[in-house]
Amino acid sequence: MKRHVLPGFSLTMGLTLLYLVLIVLLPLSALILKAASLEAADYWRIVSSQRAVATYRVTLTAAAWATLFNAVFGLTLAWVLVRYSFPGKRLLDAVVDLPFALPTAVAGVALTALFAQTGWYGRLLAPLGISVAYTPVGIAVAMAFTSAPFVVRTIQPVLEDLRPEVEEAAQSLGASDLQVFARVIFPLIFPAFLAGCALAFARSLGEFGAIVFIAGNLPFRTEITALLAYIRLDEFDYPAAAAVASVMLGAAFVMLLVTNSIQFWVQRHSERA
Amino acid sequence: MSITVRSLTKTFGTFTALDGVSLEVEKGELMALLGPSGSGKTTLLRLIAGLEFADAGTILFDGTDTTHLSARERRVGFVFQHYALFRHMTVADNVAFGLSVLPRGRRPDKAAIAARVKELLELVQLGHLAGRYPAQLSGGQRQRVALARALAIEPAVLLLDEPFGALDAQVRKELRRWLRDLHDEIHMTSVFVTHDQEEAMEVADRVVVMNHGRIEQVGTPVEIHDAPASPFVYEFLGHANKLDCRIDGREVAAGGWSAPLARVAPAAADTPAPAGASAAAVAYVRAHELELLPESRAPEAAALAVVRHLTARGGQVRVELSRRPDGAVLEAEVSRAEADALRLTPGTPVAIRPRALRLFAA
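What counts and what doesn't
Here the residue numbering is sequential within each chain, running from 1 through the sequence in written order. Both sets of labels track the order of writing: A upward for chains, 1 upward for ligands. Selection of residues for local features in this predicted model requires a pLDDT of at least 70, selection of side-chain atom pairs for listing and counting requires 80 or more, and totals for whole chains, interfaces and linings are taken over all residues. Computation of side-chain values covers all heavy atoms of the structure but excludes hydrogens and water. Think of pLDDT as the predictor's per-residue confidence, scored from 0 to 100. Only DSSP runs of H or I reaching four residues or more are called helices, and only runs of E reaching two or more are called strands; each is numbered from the N terminus. Contacts are residue-level and defined by heavy atoms, with any inter-residue pair within 4.5 Å sufficient. In this scheme, strands are said to pair when DSSP sees at least two bridges between them. Between N-to-C directions, angles span 0 to 180 degrees; the directions come from axes that are lines fitted to C-alpha atoms, helices contributing only their stretch in contact. For each structure, a 1 Å grid was placed over the protein atoms alone; sets of points admitting a 1.4 Å probe that cannot get out are labelled cavities, open sets with protein on both sides within 12 Å along at least five of seven lines are labelled pockets, and lining residues have an atom within 4 Å of a point. Grid points are joined across faces, edges and corners, and a volume is the space filled by probe spheres set on the points. Only Asp, Glu, Lys and Arg are considered charged in this grouping, and only Ala, Val, Leu, Ile, Met, Phe, Trp, Tyr, Cys and Pro are considered nonpolar; every other residue, Gly among them, is considered polar.

Remarks on the confidence of the model for chain A
Moving on, step 1. Summarising the model, chain A shows a mean pLDDT of 89, and 97% of its residues fall at 70 or more.
Moving on, step 2. Mean pLDDT values over the elements of chain A span from 87, in helix H13 (residues 238-266) of chain A, up to 94, in helix H3 (residues 50-83) of chain A.

Focus: the environment of A:Val244
Residue and element names in this part refer to chain A.
Moving on, step 1. In this structure, Val244 sits in helix H13.
Moving on, step 2. Sequence separation of Val244 and Val47 is 197 residues, and the distance between their C-alpha atoms is 5.8 Å.
Moving on, step 3. The contact partners of Val244, leaving out residues within four places of it in the chain, are Ile46, Val47, Thr225, Leu228 and Ala229.

Things to note about the sheet that holds strand S8 (residues 190-194) of chain B
Residue and element names in this part refer to chain B.
Moving on, step 1. A sheet is described by the order of its strands in space; here six strands give the open sequence S6-S7-S8-S3-S9-S10, paired in mixed fashion. Either end of the sheet is taken by a strand with one partner, and the two such strands are strand S6 (76-79) and strand S10 (214-219). Each strand of the sheet is rotated relative to its neighbour by a mean of 20°, with strand direction disregarded.
Moving on, step 2. When strand S3 (residues 30-34) meets strand S9 (residues 206-211), the two strands line up parallel, connected through four bridges. Across the sheet, Met31 pairs through a bridge with Arg206, a residue of S9.
Moving on, step 3. Where helix H5 (residues 139-151) meets the sheet, it contacts S6 and strand S7 (157-161), and its direction lies at approximately 170° from that of S6.

Quick look at the layout of surface pockets
Residues and elements named next belong to chain A.
Moving on, step 1. Size it by volume and the largest pocket reaches roughly 510 Å³.
Moving on, step 2. Surrounding the largest pocket, 21 residues form its lining, Ala202, Leu205, Ala251, Ala252 and Met255 being those nearest its centre.
Moving on, step 3. At the level of elements, H3, helix H10 (177-206) and H13 are the ones that each hand at least two residues to the lining of the largest pocket.
Moving on, step 4. Take the lining of the largest pocket: its biggest share by element is eleven residues, from H13.
Moving on, step 5. Classifying every residue of the lining of the largest pocket gives 15 nonpolar, six polar and no charged.

Regarding the sheet that holds strand S15 (residues 290-294) of chain B
Residues and elements named next belong to chain B.
Moving on, step 1. Strand order in the open sheet made by the five strands is S15-S19-S16-S17-S18, with antiparallel pairing throughout. At either end of the open sheet lies a strand with only one pairing partner, and these are S15 and strand S18 (329-335). Ignoring which end each strand starts from, the neighbouring axes of this sheet average 45° apart.
Moving on, step 2. The sheet contact formed by strand S17 (residues 316-324) and S18 spans seven bridges and is antiparallel. Each bridged residue has a counterpart across the sheet, and for Ser322 the counterpart in S18 is Val329.

Structure representation (structure tokens):
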């Protein structure tokens, strides 16, 4: 038996495994078992019904837009927080976590109030013919709000860690600011950037609380997958709820696999030089 | 290309990093900026590179004012202590970087860049590692890649910031000999920063000794070694003993020893203190200029000491002495033959007498 210098290995490892089994593995298995209680044909009918497919489309599209927005906004915000010093920087840094701290239902209610026809933003947008509340745009806005911190918080430490010499080297070799960013900084923060985007996207796919208030929840138009699972549950149709939920679970696993592969590929040579 | 620096001043907050420094680096010269940390040597290098901007003063390259040009406009090759390689690029891509960011009109085509990269990697003897990533190289190899990358843009001057500072002793020694050879081959005006006096003396054509944001001395390694210009240079170069002494007319005395000025410090003898006056002074005696004599044959005007420790160094023996009776620690260097003749072992009493010294006002 190998001797460990640090004590407590068996205790901590045991607790960790117990936790994983109780909180993560068991519910997931129950979900899969529930869905598996359906005949294959029934399962397929439920997950490929027109209404279900419409929810996938709504959810994926809105999540894609929300992630795109957060990719740009999150990168900019992380850049500002790391690179410049200005009064109120610490406050701004703290505010970034607000969407994490705020109950999503509160966020949903607040966003609905803002974007309703009579709300502060809604009133300004209405004359332009843009309505956000009760449309897919509203869903994207709610997703963007609740997943905003992911990109910022994953890029920030990596950006802070970049040695200034690397940029100075690029500058002294004649690179313009844009070239320094595109060819030196961005490739180095890309794995973190990707991880942040993937997290934001995954969170958006699963977001429920903030969306149900602002979406209007019209089947085929503004109904998200999580809500459909909830409706089935409400109807005591557990297998159908589990079937819909298993699709979301599958999507989450695919996301994890894809982003991890990309990261592995990008970082294959990038141990710190 | 020559570099002229005129009264450069640079402060960081309340700290004065450079205090009116002027310097002339001649074309094709390899110059070392030597000093302890905080002496301003790196700041001076970064100002020359355009990575930092001076509060006052001017920098000229071949007589052309470059004080306000950015690093990318100055065409300097800069090598960093910690290499600063692009770790997401191969060695070849790292070296090609400077050429590939040129504006479209001036950028060589792919084949020309590849040929140039190959040529540079041959120059730094790393042709076989073109496809590797920085993380797969040793420290010495990384620094040579960094050098090849800096040379790729055909810089006007080459600036190196503690280029061997992060390497272990063996590689360090090899690489600095190699840098000297490379410089003899390409004859590019080069300035490097170091806090290692041995490194500066061994590699550079001329050495600039810096302290507290000012230049203490500029000269060839031999000039600096033979005639340190200030107490600071004596102490920084090491192997020198500081003696508090008194000057009485034409005599200098310290710790029981005395000698005529004309014999030990001819330069000071030319301007003796007024006859009869007695002045405190500081004398520096280098280790090899401290003569050891058997105690039994001690001349009248010698100080006494006890050997504390002996270290063999090639043909020389370093002797650490404790002066009697005050216990001041002194350092002497004698040949092996002398050490044997004196039968030096720890505890041996000896008489000591400076052969030459340099006086500074106390």
